[in-house]
Amino acid sequence: MNQVQVIGTHNSYHRESPLEARAVQSQLLPNVINYYYSHATLDIQASYQSVRSFELDIFADPDGGRYANPLVIRNSSTALPPQDIMNKPGVKILHVADADVWPSCYTLIDCLTVVKTWSQAHPDHVPIPFMIEFKTAETGTGGSVPPLPWNNSALLDSLDAEIRSVFPPSKLITADDLRRPDLTLEASVLQHGWPDLDSARGRVLFLMDNAPGPIRDVYTFNRPNLEDRVIFTNSVPGSPDCAFQKLNDPRGEANLANIQAQVRAGYWVRTRADEPLTTILGNDRTAMRDAAWRSGAQIVRMCVTKEKGDGLRCLVTYTRTPETINSTFLTDSEDATQTSIVNELLLQADIIQNKIFYALLAASGFLFVVAVISMLFLKRYMKSSNPNAWKQKARFKSGMRFFIQYAFGLAVAAAFSTTQVTGALNFATGAMMNPESRVLITGGKVLEVIQWAIVALLCLVHLATSAMSCADGSAMKGDMLEGASF
């Protein structure tokens, strides 16, 4: 199981702050743009983004309610987190206490349950490592709610208990599963290795993100080999508890060689492929990622997972508003004219995509349904023996062709609207944005393909109905002559 390499997301639970809270948040956090990113829920990441490692930031809350009313929310009058959840005792999931508090799952148990449910539906998945970062007082903002320090044996024991409440022993990989009699955990790993991949499928393991220090010292107190513990500590070679190391920077020959050596020895290693937004907005966009792959580290943590050509791109779809795009990518622009042009373009794109496009597609769908109804009535009257039925046949045939033609036309207009918007966005961000940033904004190719598929379907229906009409033409002429002579 240590001969795998998986992609993990940074702060996997994270959601960016709402626009209403941005001004207050910028007063609490330096370089606030680095906090403007969002992940899908953990199960969506696993299903659709091939993510197989998750990073969770944990805050101790043994009495409940400690983080229920954050400073950034009080001062911005934005919606409070779910109070019934936040007031219960238990480990909470946040990024920065009082300042960045919008996770996709608010408690450790809730986050783990999401992954457990996904795991039960996909029992053959490779083992999923959870990176656990213990948030401490020095990582707060100086707000009204300093985090509780984690170097407390009672808190660490309760953390293990919470994890075990979600995952039974058969679904966990712990130090007790690896350690051999009369050997330290490190010696067991280096001499006998890890479980084979087949036996590890469908299971999870937990790794400490924090560097060796007070938390590790308390966690290993009287348990030097992590006896009866759930989490593998981030340790150093030569220590009895060392089975995992966090070596974040694979760049440079010395760093790369060190990671490769640790992996060959038998340790699990986590490294990084990028740094939040610094990588995507900088000039060196792929060197760190390429080194991470070469290192052989089992976990490669990535913030950006899409690439096009020689640069990374940020995907913007219908779920992202122009305001969000601008606040993320244009706030630091020194060119006011450029920012104004892009801002206006994005606003117009939003109108076309979210108002005109949906209206055209809805109208097209309605006309298509009416055309199908007309077709059914036409078939009914074609079977009629009434000599006067030719009048109804002609009426429904004309209506059917009218509705199909207009449905086809509106579908074409809808598809063109999105195609034009996509081209305009790509042109604007490619021609007017800073070329060194390599930030592209696209309108969503998948939806664009679907729209043109709808157009093709309607085209086929239109051709089929036209052929049917031509085939019925002689029969209807006969009905008309017969009805006239009658």
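Residues numbered from 1 in each chain as written. Predicted model: local features only at pLDDT ≥ 70, side-chain atom pairs only at ≥ 80, totals over all residues. Heavy atoms only, no water.

Caption draft 1: Spotlight on the confidence of the model for the protein chain. Taken as a whole, the protein chain shows an average pLDDT of 79; of its residues, 68% reach a score of 70 or greater. Scored below 50 in pLDDT, residues 304–337 makes 73 contacts in the model with residues more than four places away or belonging to other chains. In this model, residues 431–443 is a region of pLDDT below 50 whose contacts with residues beyond four sequence positions or in other chains number 47 contacts. (pLDDT = per-residue confidence, 0-100. Contact = heavy atoms within 4.5 Å.)

Caption draft 2: Here's a closer look at the environment of Met208. You can see Met208 is positioned in strand 5 (residues 204–208). Under the relative-accessibility criterion, Met208 is labelled buried at 0%. In sequence terms Met208 and Met131 are 77 residues apart; their C-alpha atoms lie 6.0 Å from each other. Met208 has contacts with Met131, Ile132, Phe134, Ile215, Arg216, Tyr219, Ile231, Phe232, Thr233, Asn234 and Phe244, leaving out every residue within four places of it along the chain. (Helix = DSSP H or I, 4+ residues; strand = E, 2+ residues; numbered from the N terminus. Buried < 20%, exposed > 50% of the residue type's maximum accessible area, 1.4 Å probe, protein only.)

Caption draft 3: Seen up close, the nonpolar core. In terms of nonpolar packing, the biggest core is built from 55 residues, with Phe130, Phe134, Trp150, Phe206 and Phe232 touching the most fellow members. In this structure, Trp150 is in contact with Ile58, Phe59, Ala60, Val91, Phe134, Lys135, Leu155, Leu156, Leu159 and Ile215, ignoring residues within four places of it in sequence. By size, the runner-up hydrophobic cluster in this structure holds 14 residues, among which are Val24, Val72, Met86 and Tyr106. (Core = buried A, V, L, I, M, F, W, Y, C linked by side-chain atoms within 4.5 Å.)

Caption draft 4: Broad picture of the environment of Ala456. When you line up the elements, Ala456 lands in helix 17 (residues 445–485). By relative accessible area, which is 41% here, Ala456 ends up partly exposed. Measuring from C-alpha to C-alpha, the distance between Ala456 and Val412 comes to 9.2 Å, with 44 residues separating the pair along the chain.

Caption draft 5: Structural context of empty space enclosed by the protein. In total, this model carries two cavities of 30 Å³ or more according to the counting rule given. Lining the second largest cavity, in full, are Arg66, Tyr67, Ala68, Asn69, Pro70, Asp98, Val101 and Val145. (1 Å grid on protein atoms, 1.4 Å probe; cavity = no way out; pocket = protein on both sides within 12 Å on 5 of 7 lines; lining within 4 Å. Points joined across faces, edges and corners; volume = space filled by probe spheres on them.)

Caption draft 6: Quick look at unusual backbone geometry. Not every positive phi belongs to a glycine, and Ser50 is a case in point at roughly 60 degrees. Here Ser50 shows up in the loop between helix 2 (42–48) and strand 2 (51–59).

Caption draft 7: View of the packing of helix 5 (residues 108–121) against helix 6 (residues 153–166). Running from N to C, helix 5 and helix 6 point in directions that differ by 30 degrees, and their axes come no closer than 9 Å. In terms of orientation, helix 5 and helix 6 fall into the roughly parallel class. Like other packed secondary-structure pairs, helix 5 and helix 6 cross with a definite hand, here right-handed. Two secondary-structure elements touch here, helix 5 through Leu108, Ile109, Leu112, Thr113 and Lys116 and helix 6 through Leu159, Glu162, Ile163, Ser165 and Val166. Counted by class, the contact of helix 5 with helix 6 contains six nonpolar, two polar and two charged residues. (Axes fitted to C-alpha atoms, helices over the stretch in contact; angles between N-to-C directions. Parallel < 35°, antiparallel > 145°, perpendicular 65-115°, else oblique. Left-handed = near helix turned anticlockwise from the far one by under 90°. Nonpolar A, V, L, I, M, F, W, Y, C, P; charged D, E, K, R; others polar.)

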